[in-house]
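# Structural features, examined
This is what each chain is made of:
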Amino acid sequence: MDRLAVELLTLIFSYACTDGGQTGCALSLVSRRIRDASRPTRFYSVSLTTSPAQVQPFLDCYEKERARSREMLPRVRHLCLSLFGQGLDLPSSQGCPLASNPATPPQPPRSRAEFLASLQRRTQHWRAAQEGLDEQYSRVIPALIRTVAPDVHTIALIQLQWRSASLVRCHFPVLRELTLAGGDPSFLPFAFLPTDRPLYPALQRLHHILAWVNRDVDFTQWAIHAPNVTHLRVSRIDAHPHITAATLDQVLSDAHHDEYFPRLRRAMIEPHPAPPPEARMSTAHLVFCDFLAYVDDLAGRARVPVKVLPPFRPPRLASADRALRPHQVCVRRVKKEWLERVGGGDGCWQEGMHGIGKPDVPLELAPAPGRQFAVGC
């Protein structure tokens, strides 16, 4: 290692720093020579999923390392960002008045009404817990996004119920892959952007996970601001809000092949979870069956191959993970699939989309990709 040229070391480190930042941080502590050689790739992939307290120290460190660089500047190429606060680290019972006693696991809902009531209670708790975090995130997220926007290639953003109090003026000239859980980025609303300059001109792969919040997603706006999308995935889609399903149908329609996503090659649709088995033949079940029929019809009419996945089903967790809340499972899965894509794997594009590059080829060098099964949250 001591005899290798710095340029060769830097190349080696670029293949190692694909784990969200842990390897880059460890390399900076080995020695002065290794720290200098790894500096250009130290922030190659960055995962910030714990709390807003992570963001400002990261920005301070990133700016200092860039100021110390004489030749190759460190750049963030891959970013995973969760705005759930302690999204991965808090057990379900800590600080949660609605959490069940671990000794008596909660019973599954017996009807759609019970399921919706449970979902509403969880949403109310999340909103209450998020109140204090909104202000903290609003202070640091705009600076983070503006800093990484010119160089980032992939972003996985789990925002869900976070409410942004500020707008970010920036552009993503080289962003190639984007995963969004919880609707469009609330700090970058399309309504405030000019339509003559696409926000994501290089974006090729777009994955929307429509979980927890019923925010409208207008795919006609995405077609304007990401005109070069080749692969589109929509997970946990439901009949409501209507604009989401309607505009998805519109952009996939053969009647608009030149107007919306002209380079689109493939699409994936994963419907929302089915009502509980006890609700069979209820109004909710009939509405769900009608929506599945609508999705199948949409796929049959589409101008590109559309893979309709089975309705989302919550993953079975190992015994050690059963204390995790649903949003913690969501953050964990999105991050796992983001790491797979950074390392050249299929990630969320695996199911039915083959030939996206070898697992040992980083996304930087891999051929344009393929697909996966239920990422969802």
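The rules behind the values
- Residues numbered from 1 in each chain as written.
- Predicted model: local features only at pLDDT ≥ 70, side-chain atom pairs only at ≥ 80, totals over all residues.
- Heavy atoms only, no water.
- Helix = DSSP H or I, 4+ residues; strand = E, 2+ residues; numbered from the N terminus.
- Buried < 20%, exposed > 50% of the residue type's maximum accessible area, 1.4 Å probe, protein only.
- Areas by Shrake-Rupley, 256 points an atom, 1.4 Å probe, with all protein chains shown as cover.
- Polar contact = N/O pair within 3.5 Å; in protein donor to acceptor, adjacent residues only side chain to side chain.
- Contact = heavy atoms within 4.5 Å.
- Pairing = 2+ DSSP bridges.
- Patch = residues over 30% accessible without salt bridge, like charges linked within 9 Å, V, L, I, M, F, W, Y side chains within 5 Å.
- Salt bridge = Lys/Arg side-chain N within 4 Å of Asp/Glu carboxyl O.
- Phe/Tyr/Trp six-rings, centres within 6.5 Å; stacked < 30°, edge-to-face > 60°.
- Lys NZ or Arg CZ within 6 Å of the ring centre and 35° of its normal.
- Axes fitted to C-alpha atoms, helices over the stretch in contact; angles between N-to-C directions.

### Quick look at the overall build of the protein
The number of helices and strands found in the protein is nine helices and eight strands. By residue count, 49% of the 377 residues in the protein fall in the buried class. On the protein, roughly 18,000 Å² of surface is accessible, and the fraction owed to carbon and sulfur atoms is 54%.

### Remarks on the side chain of Glu65
Tracing the chain through its elements places Glu65 in helix H4 (residues 52-68). Assessed through its relative accessible area of 4%, Glu65 is described here as buried. Engagement of the side chain of Glu65 in a polar contact is seen with the side chain of Arg68, the distance being 2.5 Å. If we ignore the near neighbours within four places in the chain, the residues touching Glu65 are Arg39, Arg42, Phe43 and Pro74.

### What about the side chain of Asp218?
Along the chain, Asp218 turns up in the loop between strand S5 (205-209) and helix H6 (219-225). Contact partners of Asp218, with chain neighbours within four places excluded, come to Asp184, Ile243 and Thr247.

### A short note on the pairing of strand S4 (residues 177-181)
Counting buried residues along S4, five of its five residues qualify, which places the element largely inside the surrounding structure. Residues Glu177, Thr179 and Ala181 line one face of S4 and the alternating positions Leu178 and Leu180 line the opposite face, and both faces are buried. Here strand S3 (residues 154-158) runs beside S4; their pairing, made up of five bridges, is parallel. If you follow Leu157 over to S4, its bridge partner there is Leu180. Pairing geometry for S4 and S5, over five bridges, is parallel. Each residue of the ladder has a partner; that of Thr179, found in S5, is His207.

### So, the environment of Leu167
The residue Leu167 is located in the loop between S3 and S4 in this model. Taking the C-alpha atoms as reference points, Leu167 and Phe187, 20 residues apart in sequence, are found 4.7 Å from one another.

### Topic: a nonpolar patch on the surface
On the surface, a cluster of nonpolar side chains totalling about 430 Å² of accessible area is made up of Leu4, Leu8, Leu11, Ile12 and Tyr15. Exposure remark for Leu8: the relative accessible area of 40% places this residue in the partly exposed category.

### Notes on the packing of aromatic side chains
Tallying each qualifying case throughout the model produces seven aromatic pairs. Pairing Phe58 with Tyr62 gives two aromatic rings, centres 5.6 Å apart and planes at 15°, and the pair type is stacked. With a gap of four residues between them, Phe58 and Tyr62 both fall in helix H4, about one helical turn apart. With a relative accessible area of 10%, Phe58 lands in the buried category. Cluster of aromatic residues (ring-pair linked, three or more members): Phe172, Phe190, Tyr200 and Trp222. The ring of Trp349 carries the charged tip of Arg205 above its face, separated from the ring centre by 5.3 Å.

### Points about unusual backbone geometry
With omega at 0°, the peptide bond leading from His240 into Pro241 counts as cis. When you line up the elements, Pro241 lands in the loop between strand S6 (231-237) and helix H7 (242-252). For Arg236, which is not glycine, the phi dihedral falls at a positive 60°. Relative to the helices and strands, Arg236 is located in strand S6. According to the relative accessible area criterion, Arg236 is buried, its value standing at 7%. Its identity is not glycine, yet Phe261 carries a phi of approximately 45°, on the positive side.

### Considerations on the pattern of salt bridges
Within this structure, the stated rule accounts for 11 salt bridges. Between Arg39 and Asp36 there is a salt bridge whose closest N-O contact spans 3.3 Å. Residues Arg341 and Glu177 are paired through a salt bridge, measuring 2.9 Å at the closest nitrogen-oxygen approach. Taken together, the residues Arg341 in helix H9 (residues 326-342) and Glu177 in strand S4 connect sequence positions 164 residues apart. One exposure class covers both Arg341 and Glu177, and it is buried.

### A few points about the sheet that holds strand S8 (residues 306-308)
Overall, parallel pairing links the eight strands, which are arranged S1-S2-S3-S4-S5-S6-S7-S8 in an open sheet. Each edge of the open sheet is held by one strand with a lone partner, namely strand S1 (45-48) and S8. For this sheet, the mean inter-axis angle between neighbouring strands, taken without regard to orientation, is 5°. When S5 meets S6, the two strands line up parallel, connected through five bridges. Opposite Arg205, over in S6, you have His231 as the bridge partner. Its contacts with the sheet put helix H8 (residues 283-301) on S6, strand S7 (266-271) and S8, and the angle it makes with S8 is roughly 160°.

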